[in-house]
Structure formats: C-alpha cells, structure tokens
Number of protein chains: 2
Amino acid sequence: MHLFYSNNIIDKLATLDDDECKHALQVLRMRIGDTAQVFDGMGNLYDAVFIKNQDKQLIAQVTFKYQLQPLPYNLHIAIAPTKQTDRFEWFVEKAIEMGVHEITPVICHDSVRLNYKTERIHKIKLAACKQAFQLYLPVINEPVHFVDFIKKHQAGFIAHCKPENKNSLANLINRQSRVIMLIGPEGDFTSHEVELALQHNYKPVSLGNNRLRTETAGIYISAYMRSLI
Amino acid sequence: MHLFYSNNIIDKLATLDDDECKHALQVLRMRIGDTAQVFDGMGNLYDAVFIKNQDKQLIAQVTFKYQLQPLPYNLHIAIAPTKQTDRFEWFVEKAIEMGVHEITPVICHDSVRLNYKTERIHKIKLAACKQAFQLYLPVINEPVHFVDFIKKHQAGFIAHCKPENKNSLANLINRQSRVIMLIGPEGDFTSHEVELALQHNYKPVSLGNNRLRTETAGIYISAYMRSLI
C-alpha cells in the first residue's frame, strides 16, 4: 500500500501537503475512495482512505492507528559536507534508510564545501524514510561551524584519521547508546580541531583500519548502530 | 605517498599498465626519481622509486616489501544489478571500501537490468581499493543467471523480503565466516527463486526490520562483516 507523510493529522483527518498531494494525484494516480497509509514522522502510522480533494490539498480519513517502537539507540552524525554534492546526498539517503536520528553538516577548517541543497536534501530524507519504512522522521540541521557544534554538544565521539590511540566502536558503544559522531572533511580534521574536541569531552574512536571516505564513514556508523539492535 | 596498482612485479621491478601510467604521469605529474607505493592486489605492498618511462610504461624499482594480513572473513555478495546504474556503482564502491571479496551480479526473474558497465566498474574497483587501502583486489564476476549461480555455489544466505521466519545475521555469521549473500532485485526474489535457494542449502537471513533497497542491503552486509573484526 502507498505510504504518505503528513504533519497535519487532526481528529482522524490527515491532510497531505502540496508535494505529497502532487505525488499522490499525478504520479500514483490516487483517487477519492483509494486506501493508503499515512505516517506523521513521530512513529505513528495510519491506515486511511482519501475522502476529499480541494484547494490542492488531499484529505484522508484515518481508519486505524499503529504506533511503532523507536530504535533503542540515538545516533546524531555531525559530518562535513563532501566536496561532491552527490556523495553527501548519498550519505543522507543511506544513513536514513539504516536509521540515523539527526544529521548536522559541520563546517571544518579544511572543508571545501560549506553548504548543501536544502530542498533537495529534504526530498531525499522523505523518500528514504518511506522506502525504508523509517517512521520517525530524522532531523537535518542547517550547517554550523565546528567550534559552535562542539560547544553546543559537549561529549561525543570523533572519528579522526590521525595515528593516535583510539578505542574501537565495540568498546565505547552499545545498543542503547546516545551517540554523537563527528566525521571530518576529505582532508580530515586539523590537529587543533581534534584537540578542541577532546577538551569538550569527545572521545577518539576508530572506524577500522581502512581509510574510509567521509560519506562512507557516515554510512558505516549508521550500519554499525543498526547491527546492534 | 601515492599508491599505484601493478599486476606485473618481477625481480623487484614493478611495471604500471597504461591507465595507471597515465594517472601517474598526467594527473599526478610523477617523474623519474619520485617515490610511490605499489600494490599487487594480493596483499603485498611495495615502497618503490620510478626509474624508467618508456613505451607508455612506467617502471618502478622496489625498495621495500610489506605483506598485509587478509581479513578474517570472506564475503561474496551475489546481487541483482539495480535499475539505476549509479546505485549499483555506489554499492560496488562502498562494499569494496568496507572490504568485500567477491561480487557477482545475478540476473533474477524480476531483474530489470541485466548488465553493467564493465570497464567503469573496474575503474571504480581500483579507485575504491586505493582510497580505502584495501590491498586485496576483490573479484567482480560477469553477470550470471540466478539458477546457474546457486547451482555453482551451493550453501549460503538469501536476504529475501518475504514475511517468513528468518534468522538474524548475529545468529548465523561470525568474524571468521565464509559468507555468500544473495540479494535480490527491486521487486525481490520470486517465491520460486527463494524455494530453489533453500533447496540448494541457502538459509534465509534477516537484515533488520526495514525495507532496504538492493544496494543498501549490499552495503549493509559489507558494513556488518567489517564490524565483526
């Protein structure tokens, strides 16, 4: 059954926004009387039937409600946007399919790219949630500078590539962990950034012996957390 | 230091092929007397210095040899090529960065795409190995039909999406496992294909509660095996 997102579900009536509406009517050719599922991005899933189509809004009557359990862990990935936009978009899609909760693009000293295409990323987010039936909508924040991020979020993990002693994920993280993972740009964090992170209670962590690309590191930590469930 | 691949290392002389040679000379501007590292795709890594450039071949003198340990597991992913070429290419890149040993594109009953761009995939393979310092070159086979594959490789795992009892990865696989993992096309395996696989000693395995795309499932199993090291 087709799945739609709505942030407007009141009194058993779910209203789809413009984009979802267009997708339902023009791509999927849904009509009044058709059944579908609607999710609110907070773990609630509804069986519903379309009853009204007016003013570019499609309204569905809820017939049944399910509540889905959240994941046992919480994963927030703070990651430098990659030089190539598609690598960052790819990371976002895969991390969401695997179950990330929050993504913050962080601007580091050696970052080449300082932004991302907001609207496109939000489309990818919704599509990935629907595809993977991830019914808790993850948060994707606006880009922030590295220093501002670690000041706001004190304590977490930093996956830098410098040859220093680092703990393995298995020694630091379990299935109920709240994880903030810092992943650097193509040129890695600077020594100064690593030092600053340590001062703000970030622990250095190893993602294995191989040099993972920025987006691969982000996908890997998402897969790792998922594997603990 | 720059890393090059050579399948021609004899008597401490490493000869780079056309592509590697072009990359060294035209992109990286390497010159006679420059040092580099060369790997043979079988776990051997060499420090070397370029000594000769003739007939479009660049020859390096080996000065030191290292031998890298292979991964404790062996992972062979047999996967239906995705409808969109770039999704298959992303899978190949990420699976190799994370440490896959062998990839076989399998043509299933509901496969939409029956092939892939061989030359492009092999370029991606080499680039991913260099990027991630994966010094054992994985094997990427020519596409084969599902039935031929399971007849040739009897016993493995099948990650189908049908609502049947499946074991979790953790119950079936450990860090020293030899894993053959079958991953189906966008429309999943047919019931007949699943039945055939079971008859050929394939065990159904669950990759979690979410609907993973074909390429995401392939990346996930690669990350899972890597997480066991």
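Residues numbered from 1 in each chain as written. Chains lettered and ligands numbered in written order. Predicted model: local features only at pLDDT ≥ 70, side-chain atom pairs only at ≥ 80, totals over all residues. Heavy atoms only, no water.

Draft legend 1. How the structure looks around the relation of the copies chain A and chain B. Relative to chain B, chain A is turned by 180° and slid 0.0 Å along the rotation axis, the superposed coordinates differing by an RMSD of 0.0 Å. When the rotation and shift are considered jointly, the pair of chain copies conforms to a two-fold rotation axis. Residue by residue, 96% of the interface of chain A is reproduced at the interface of chain B, so both copies engage with the same surface. (Least-squares fit on C-alpha atoms with pLDDT ≥ 70 in both. Contact = heavy atoms within 4.5 Å.)

Draft legend 2. Spotlight on the domain arrangement of chain A. All names here are of chain A. In terms of domains, chain A is made up of domain 1 (3–67) and domain 2 (74–227). Computed from C-alpha coordinates alone, the two centres of domain 1 and domain 2 are separated by 33 Å. Between domain 1 and domain 2, the residue contacts involve 13 residues of the former and nine residues of the latter. The contact between domain 1 and domain 2 buries some 900 Å² in all, and 69% of this surface belongs to carbon and sulfur atoms. (Domains from an automatic or database assignment. Buried area = accessible area lost by both parts, 1.4 Å probe.)

Draft legend 3. Inspection of the state of the cysteines at higher detail. The final tally for this structure, using the stated rule, is zero disulfides over all chains. Cys129(A) takes part in no disulfide bond, and the closest cysteine sulfur to it belongs to Cys161(B), at a distance of 18 Å. Assessed through its relative accessible area of 0%, Cys129(A) is described here as buried. Not engaged in a disulfide, the cysteine Cys108(B) finds its nearest cysteine sulfur in Cys161(B); these two sulfurs lie 12 Å apart. Cys108(B) gets classed as buried once you look at its relative accessible area, which sits at 7%. (Disulfide = S-S within 2.5 Å. Buried < 20%, exposed > 50% of the residue type's maximum accessible area, 1.4 Å probe, protein only.)

Draft legend 4. Representation of helix α1 (residues 18–27) of chain B in the model. Residues and elements named next belong to chain B. Restricting attention to buried positions, one finds in α1 the residues Glu20, Cys21, Ala24 and Leu25. All buried residues of α1 fall inside an arc of 115° around its axis, so they share one side. In α1, those exposed residues whose orientation departs by more than 90 degrees from the buried face are Gln26 and Val27. Looking at the buried residues of α1, the elements they touch are β1 (3–5), β3 (13–16), β5 (44–54), β6 (57–67) and α3 (118–132). One side-chain oxygen of the residue at the start of α1 lies 3.3 Å from the amide nitrogen of Asp19, identifying that residue as Asp17. Positive phi shows up at Arg29, right after α1, with a value of about 55°. (Helix = DSSP H or I, 4+ residues; strand = E, 2+ residues; numbered from the N terminus. Arc of directions from axis to C-beta. Polar contact = N/O pair within 3.5 Å; in protein donor to acceptor, adjacent residues only side chain to side chain.)

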